[in-house]
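Inside the fold
What follows is each chain in one-letter form.
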Amino acid sequence: MSKSILKPLPSLLPGAEARKEFPIFSRHWQRRLSYLDTAASSQKPSCVIDRLTCFYSEEHSNIHRGAYSLSAEATLRYEEARNAIAKLLSARDARSIVFTRGTTEGINLVAHSYEKFLKQGDSILLTLLEHHSNIVPWQLLAARKGLQIVFAEVTDAGELRLDDLEKKITQYRPKLIACTQLSNALGTLVPVEHIIACGHAVGAKVLVDAAQSIAHSSIDVGAMDADFLVFSGHKLYGPTGIGVLYAKPELLEAMDPFLGGGDMIREVTTSGSTWADIPSKFEAGTPPIAEAVALGTAVEFIRSIGLDSIKAYEAALFQKAFDLLSREPGVTLYGPITKQGAQASILSFNVKNTHAHDLSTVADTFNVQLRAGHHCAMPLLQRLGIGSSARISLGVYSTEDDFPPLLEAIRHARDLFS
Ligand SMILES: Cc1ncc(COP(=O)(O)O)c(C=O)c1O
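This is a predicted model, so every value here is computed, not measured.

Moving on, we get to the overall build of the chain. Each helix and strand counted, the chain has 15 helices and 15 strands in total. Taking all 418 residues of the chain together, 57% fall into the buried category. In the chain, the proportion of contacts linking residues at least 24 apart, taken out of those at least 6 apart, comes to 71%. Counting only carbon and sulfur atoms, one obtains 52% of the accessible surface of the chain, whose full area is about 17300 Å². Within the chain, the 45 negative side-chain charges are centred at a point lying 2 Å from the centre of the 41 positive side-chain charges.

Rendered as structure tokens:
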């Protein structure tokens, strides 16, 4: 393996120091790049890009197949990445880590493979904070099996109403609960440990959508007692096309396979097939091998900064963004921001008389990248009575220097459209 990849990653501080590791910021820009759309997808550090290149240049082969050394080495790298992810999640058993293509596929996997444990009339409980990825697969499942979907309400500020959630758990006794840990549209934090405990009290299994939370604070699946937890590699400074489903091993053992094909079988005959051990049972066909290996490197990168340090840094930066935007005339902020600790890393807002899409287009001329629209959370925005919003989201490379051009863009748009 190339020496550059073997080098242990130096410990880094979040902010300006971490930013230097991301080549995209050193590209020749007319103006500084203020990338404020990490919630959609994070930028990639050199170590992740190098890891992909190195794998394809020096180590590529299919895994779990060849008796030759190149295949054995590729298999080893793939399994090392699985171990790194198990460690990141404090999962005791690496067999509980299934590689998927992302959060969306992980949720669809559970919606299909857990189906046999559900019967007509059963309920699934979601919250109004969910991304479409954590709504639509359950709606498809509900239509297939005749299930009922119930949504826990949010307050006008966009905070989950735990009283409503608890009431609905008692009333409907759901078989499954699926909830986000951090709302992608508002940045609302959700006390998933409490929801898991309430769900378990009525025998429900609970899936945590960690697509947003994974890059911002540490997760211990054992302490949390999650039955399922999903995330995407590309929001964790890793490649696209790779994600993770964590599930309790006994659930994976009991569930049916999701996709059929090579690698997930023990034996195939003309009359039927038997399944490989977990997690292979859920990894049919050739997986995104290089992407999995590079996701392992992304995990090491995150660990070299430390999730506690990332959390503290982003909390201070978030407060700064909130202070600036809340003082800006014509800006309306959404979310339970005034409540201490209720929101993190994501801030949604609108500017008077300015459509969020127009603001985003104007911001782009200042080289400020921000998201506009419904953020794949239409039920939430409908509930809050807003058609769309602009959204900024922070990452390890964000700094206070990202905010002056954002304010400049907001003022310019406000002058243009008022
Ligand atoms: C909370 C949440 N869940 C699920 C997803 C879907 O992730 P992916 O498109 O990577 O599958 C996203 C993406 O933005 C998200 O923010």
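The rest of the description comes next.
Looking at where serine 42 falls in the secondary structure, it is placed in the loop between strand 1 (34-35) and helix 3 (46-59). Given the relative accessible area of 3%, serine 42 is considered buried. Of note is the side chain of serine 42, whose polar atom sits 2.8 Å from the backbone nitrogen of tyrosine 237. Residues contacting serine 42, with those up to four places away along its chain left out, are His234, Lys235, Leu236, Tyr237, Gly238 and Tyr397.

By the secondary structure assignment, glutamine 43 is in the loop between strand 1 and helix 3. With a relative accessible area of 14%, glutamine 43 lands in the buried category. Residue contacts for glutamine 43: discarding those within four places in its chain leaves Phe22, Ile24, Phe25, Tyr35, Tyr237 and Tyr397.

In terms of burial, strand 6 (residues 205-209) is largely enclosed, as 4 of its 5 residues are buried. Direction of pairing for strand 5 (residues 176-180) relative to strand 6: parallel, over a ladder of 5 bridges. Directly across from threonine 180, in strand 6, lies its bridge partner aspartate 209. Of the crossover connections in this fold, the one passing from strand 5 over helix 8 (residues 192-201) to the parallel strand 6 is right-handed. As defined by bridge partners, strand 6 adjoins strand 7 (residues 228-232) across 3 bridges and the pair is classed as parallel. Opposite leucine 207, over in strand 7, you have phenylalanine 228 as the bridge partner.

Reading guide: rules and limits
Residues numbered from 1 in each chain as written. Predicted model: local features only at pLDDT ≥ 70, side-chain atom pairs only at ≥ 80, totals over all residues. Heavy atoms only, no water. Helix = DSSP H or I, 4+ residues; strand = E, 2+ residues; numbered from the N terminus. Buried < 20%, exposed > 50% of the residue type's maximum accessible area, 1.4 Å probe, protein only. Contact = heavy atoms within 4.5 Å. Areas by Shrake-Rupley, 256 points an atom, 1.4 Å probe, with all protein chains shown as cover. Lys, Arg positive; Asp, Glu negative; His and termini not counted. Charge placed at Lys NZ, Arg CZ, Asp CG, Glu CD. Polar contact = N/O pair within 3.5 Å; in protein donor to acceptor, adjacent residues only side chain to side chain. Pairing = 2+ DSSP bridges. Right-handed = clockwise from strand over helix to strand, strands pointing away.

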